[in-house]
Amino acid sequence: MTDYEAHLRDLVHRDRIRTCITKAARGLDRYDADHAKEAFWPDATDDHGTVVGPAFAYIDGRSNTVWKGVQHYLMNQTIDLDGDTAHVETYFMALIRPLSEDRSEFTVGRYLDRVERRGDDWRIAHRLTVVEWSGATAPAPADTVVPGIEKFAKGTLDRRDPSYLRPLGPERTAP
């Protein structure tokens, strides 16, 4: 194998690993447990602070949580490849809007993942969530802060969310 071929192989592996990490975040944000589980091996474990144990149990429990909204922002990422194992550090910020309050909570931290390749598939085998800091915004009616915000398409925490539309097209007309 040439250096070019080896580099290309590593790029493909890294891309599949990044896709795995983003799939977990998207599945959790949309309360789509099946989608989130595609990012984890069935025997995967998750240390999520208040919940430590099987990753699928965490995902199922998390899918039953009801918030007005939740979004994970994934940022800096390092991927250390070692054969069929990769150690991945991904910085994140999670924004959460509780049902009962007009404020937003945020958590900033890092996901430390051991990702394994089994066959041609890369998935998370173990996740440790490291929290660096967290906080909350001052109360404000979030849907009225930006003029005209009510005219935008609205997201949902399930498969009715516009991101699932295939093909995506001009379903709406301008207000």
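What counts as what
- Residues numbered from 1 in each chain as written.
- Predicted model: local features only at pLDDT ≥ 70, side-chain atom pairs only at ≥ 80, totals over all residues.
- Heavy atoms only, no water.
- 1 Å grid on protein atoms, 1.4 Å probe; cavity = no way out; pocket = protein on both sides within 12 Å on 5 of 7 lines; lining within 4 Å.
- Points joined across faces, edges and corners; volume = space filled by probe spheres on them.
- Helix = DSSP H or I, 4+ residues; strand = E, 2+ residues; numbered from the N terminus.
- Nonpolar A, V, L, I, M, F, W, Y, C, P; charged D, E, K, R; others polar.
- Buried < 20%, exposed > 50% of the residue type's maximum accessible area, 1.4 Å probe, protein only.
- Contact = heavy atoms within 4.5 Å.
- Polar contact = N/O pair within 3.5 Å; in protein donor to acceptor, adjacent residues only side chain to side chain.
- Patch = residues over 30% accessible without salt bridge, like charges linked within 9 Å, V, L, I, M, F, W, Y side chains within 5 Å.
- Areas by Shrake-Rupley, 256 points an atom, 1.4 Å probe, with all protein chains shown as cover.
- Salt bridge = Lys/Arg side-chain N within 4 Å of Asp/Glu carboxyl O.
- Phe/Tyr/Trp six-rings, centres within 6.5 Å; stacked < 30°, edge-to-face > 60°.
- Lys NZ or Arg CZ within 6 Å of the ring centre and 35° of its normal.

Student: A description of the layout of surface pockets should follow, citing residues and the corresponding values.
Tutor: In this structure, the second largest pocket spans a volume of roughly 370 Å³. Around the second largest pocket sit 20 residues that line it, and H48, Y58, W67, I96 and T107 are the ones nearest its centre. Of all the elements in the fold, those that place two or more residues in the lining of the second largest pocket are helix 3 (55–63), strand 3 (67–82), strand 4 (85–98), strand 5 (105–118) and strand 6 (121–136). It is helix 3 that provides the largest number of residues to the lining of the second largest pocket, a total of 4 residues. Taken together, the residues that form the lining of the second largest pocket break down as 11 nonpolar, 7 polar and 2 charged.

Student: Can you break down unusual backbone geometry residue by residue, with the values?
Tutor: Residue R166 is joined to P167 through a cis peptide bond whose omega torsion reads -10 degrees. Look at Y31: it is not a glycine, yet its phi comes out positive at around 55 degrees. On the secondary structure map, Y31 appears in the loop between helix 1 (3–29) and helix 2 (33–37). Looking at Y31, the relative accessible area reads 15%, which means it is buried.

Student: Lay out the environment of D84 in plain terms, naming residues and giving numbers.
Tutor: By the element assignment, D84 lies in the loop between strand 3 and strand 4. Note on D84: relative accessible area 40%, which makes it partly exposed. Along the sequence, D84 and L157 sit 73 residues apart, while their C-alpha atoms lie 34 Å from each other. When sequence neighbours within four positions are dropped, the list of residues in contact with D84 reads V115, E116, R117 and W122. Of note is the side chain of D84, whose polar atom sits 2.4 Å from the side chain of R117.

Student: I'd like a description of a nonpolar patch on the surface, backed by residues and values.
Tutor: Taken together, Y4, L8, L11 and V12 make up a surface patch of nonpolar side chains, about 380 Å² in accessible area. If you trace the backbone, L8 turns up in helix 1.

Student: Explain the packing of aromatic side chains to me, and be specific about the residues and the numbers.
Tutor: Scanning the model with the defined rule gives 2 aromatic pairs in all. Each ring, one from F92 and one from Y111, has its centre 4.3 Å from the other, and the planes form 15 degrees; the classification is stacked. With F92 in strand 4 and Y111 in strand 5, this pair connects stretches of sequence that are 19 residues apart. Look at Y111 and you get buried, because its relative accessible area is 3%. Seen in terms of ring centroids, F106 and W133 are 5.4 Å apart; in terms of plane orientation they differ by 80 degrees. Their pairing is edge-to-face. With F106 in strand 5 and W133 in strand 6, this residue pair connects regions lying 27 residues apart in the sequence. Since its relative accessible area comes to 18%, F106 is described here as buried. Sitting over the ring of Y111, R127 keeps its end group 3.9 Å from the ring centre.

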